[in-house]
Amino acid sequence: MSEKPVEYSGPQRVFSGVQPSGDLHLGNYLGALKNWVALQDEHDCVYCIVDLHAVTVWQDPRELPNQTRNIAAAFLASGVDPKKAIIYPQSRVKAHTELAWYFNCVARMGWLNRMTQFKDKAGKNSEKMSVGLFDYPVLQAADILAFKGTHVPVGEDQKQHLELSRDIAAKFNNDFDVPGFFPQPEPIIQGPGARIMSLRDGTNKMSKSDPSDNSRINLTDDADAISKKIRKAKTDAGVIPETTEELAERPEVKNLVGIYAAISGKSKADILTEYAGQGFGVFKPALADLTVEHMAPITDLMKRYLSAPDEIDAILSAGADAASEIATPIVADVRDIMGFWKV
Ligand code: TYM
């Protein structure tokens, strides 16, 4: 009789997702999409538009299909290639909701009570939030593990959710005595793009839900809007410092240098060497030019994709079929493991 492997030894697979709950911004692009593109040449990649997560807060049903298309267009325009990576809407693949229920019975209340993102989103109104918003990280674990995802490229804000996914995977393997059935998904959180902050307040992350549009650069912003927002970005009275240590107490400056580094691929130290002693009257226009040069082609391509919605729909439909083919047998195995009645 062969021993069951203790460690997961199946195929490696990259999984990640973005919510269709508004326009994507530079943080989503630098924290997630840019890394997704880099991974697709070497790895088996599955990139999901997580509409089931989006409805944990109210979404207008008349808008949701277009929001989903917008995100698909952003994936494609950023360089995600449907010939190399699977892209699809989460709600088209039933494995997500099914596995999420099974995981609801594995995850512990105490684990979810510790999730800081729920606390941040709910604030003082937690009693009025949907149960789905509280349960959001369990569905996220199901997303990844329905594909036995081993690597998850995300921004830094997702670190805690990834830890929960690992805990759920470990408890499932342990409770049902199936060592190595689910992998321990590893977050890929890398580079200065992993935590892009608001342009108005360097202590808050750039976010779709910030009421100030000037706080973020949207992937739909044209060159003019991008330049204006960067020129208006909050800074301080100083100049660009010489060392990265001096950025520690200057969150807004640190953020702008971080954006420069994430887009250009240069290190923060090299950028500081280049601009040390210069005022923001020099640095901001340079950053604006760099950002426009990098983002304008993406914005243009996005518009072109959106002018052919049928093509997007065909890509998403084929992607959903391919995703189902992977996830359905994995969830069927889970049913067997848990002892559900066979049909
Ligand atoms: P969402 O849509 O809020 O964010 C999508 C991706 O963008 C990253 N991100 C940022 N990165 C850097 N700086 C920022 N200011 C910034 N804001 C957002 C997020 O970290 C994320 O990578 N819960 C996920 C969606 C999800 C998911 C999954 C991700 C659902 N299931 C399974 C991975 C695997 C989220 O927050 O999406």
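Structure's up top.
The rules behind each value
- Residues numbered from 1 in each chain as written.
- Predicted model: local features only at pLDDT ≥ 70, side-chain atom pairs only at ≥ 80, totals over all residues.
- Heavy atoms only, no water.
- Helix = DSSP H or I, 4+ residues; strand = E, 2+ residues; numbered from the N terminus.
- Rg over C-alpha atoms; globule rule 2.2 N^0.38 Å.
- Contact = heavy atoms within 4.5 Å.
- Buried < 20%, exposed > 50% of the residue type's maximum accessible area, 1.4 Å probe, protein only.
- Pairing = 2+ DSSP bridges.
- Right-handed = clockwise from strand over helix to strand, strands pointing away.
- Near = heavy atom within 4 Å.
- Polar contact = N/O pair within 3.5 Å; in protein donor to acceptor, adjacent residues only side chain to side chain.
- Areas by Shrake-Rupley, 256 points an atom, 1.4 Å probe, with all protein chains shown as cover.
- Nonpolar A, V, L, I, M, F, W, Y, C, P; charged D, E, K, R; others polar.
- Phe/Tyr/Trp six-rings, centres within 6.5 Å; stacked < 30°, edge-to-face > 60°.
- Lys NZ or Arg CZ within 6 Å of the ring centre and 35° of its normal.
- Core = buried A, V, L, I, M, F, W, Y, C linked by side-chain atoms within 4.5 Å.
- Axes fitted to C-alpha atoms, helices over the stretch in contact; angles between N-to-C directions.
- Left-handed = near helix turned anticlockwise from the far one by under 90°.

(A) The overall build of the protein, seen in detail. Within the protein, the regular secondary structure consists of 13 helices and five strands. On C-alpha atoms alone, the protein measures out to a radius of gyration of 21 Å, which is about the 20 Å that the 2.2 N^0.38 rule sets for 343 residues. The C-alpha extent of the protein, read off along each of the three principal axes, is 70 × 45 × 45 Å. Put simply, 77% of the contacts in the protein that link residues at least 6 apart link residues at least 24 apart.

(B) Quick look at the pairing of strand β1 (residues 14–18). Across the five residues that make up β1, a large majority, four, are buried. Pairing between β1 and strand β2 (residues 45–49): five bridges, direction parallel. Residue pairing across strands places F15 opposite V46, the latter belonging to β2. Handedness of the crossover joining β1 and β2 through helix α1 (residues 26–39) is recorded here as right-handed.

(C) Focus on the site of the ligand. Surrounding the ligand, one finds 28 residues, the nearest of these being Y136, D143, D157, Q158 and I196. Measuring from an oxygen atom of the ligand, one finds a side-chain N or O atom of N28 at 3.0 Å. Take M206: an N or O atom from its main chain is 3.0 Å from a nitrogen atom of the ligand. For the ligand, whose unbound accessible area comes to 700 Å², protein coverage reaches 96%. Contributing elements (two or more residues each) for the shell around the ligand: β1, α1 and α7 (131–145). The residue inventory of the shell around the ligand, partitioned by class, reads 11 nonpolar, 12 polar and five charged.

(D) Spatial organisation of the packing of aromatic side chains. Summed over the entire model, instances satisfying the criterion amount to 15 aromatic pairs. A centroid spacing of 4.7 Å and a plane angle of 70° characterise the contact between F181 and F182, whose relative ring orientation is edge-to-face. Neither residue differs from the other here; F181 and F182 are each classed as buried. On the numbers, 5.1 Å between centres and 80° between planes, the contact of Y275 with F283 is edge-to-face. Across the pair, F283 and Y275 agree in class, each one buried. Through successive ring pairs, a cluster of aromatic residues spans F103, F172, F176, F181 and F182. If you follow K148 out to its NZ or CZ, it ends over the ring of F181, 3.9 Å from the centre.

(E) Inspection of the pairing of β2 at higher detail. Buried residues dominate β2, accounting for five of its five residues. Every second residue of β2 is oriented toward a common face, with C45, Y47 and I49 on one face and V46 and C48 on the other, all of them buried. As defined by bridge partners, β2 adjoins strand β3 (residues 85–89) across five bridges and the pair is classed as parallel. By the bridge assignment, V46 is partnered in β3 with I86.

(F) Structural detail: the side chain of S165. You can see S165 is positioned in helix α8 (residues 159–175). Residue classification places S165 among the buried positions, given a relative accessible area of 0%. Other than its neighbours up to four places away in sequence, S165 contacts Q140, A141, I144, L145 and P185.

(G) Highlighting the nonpolar core. By size, the foremost hydrophobic cluster in this structure holds 57 residues, and its most contacted members are Y47, F75 and F283. If you tally residues by element for this core, the top one is helix α12 (residues 280–306), at 10 residues. Leaving out residues up to four positions away in the same chain, F283 has contacts with I240, L256, V257, Y260, I271 and Y275. Core analysis: the second largest hydrophobic core is formed by 46 residues, I86, V106, I168 and A323 among them.

(H) Up close: the packing of helix α10 (residues 251–264) against α12. For the pair α10 and α12, interaxial distance at closest approach is 10 Å and the crossing angle is 35°. Viewed along their axes, α10 and α12 form a crossing whose handedness is left-handed. Contacts between α10 and α12 involve V253, L256, V257, I259, Y260, I263 and S264 from the first element and F280, F283, K284, A286, L287, L290, T291 and H294 from the second.

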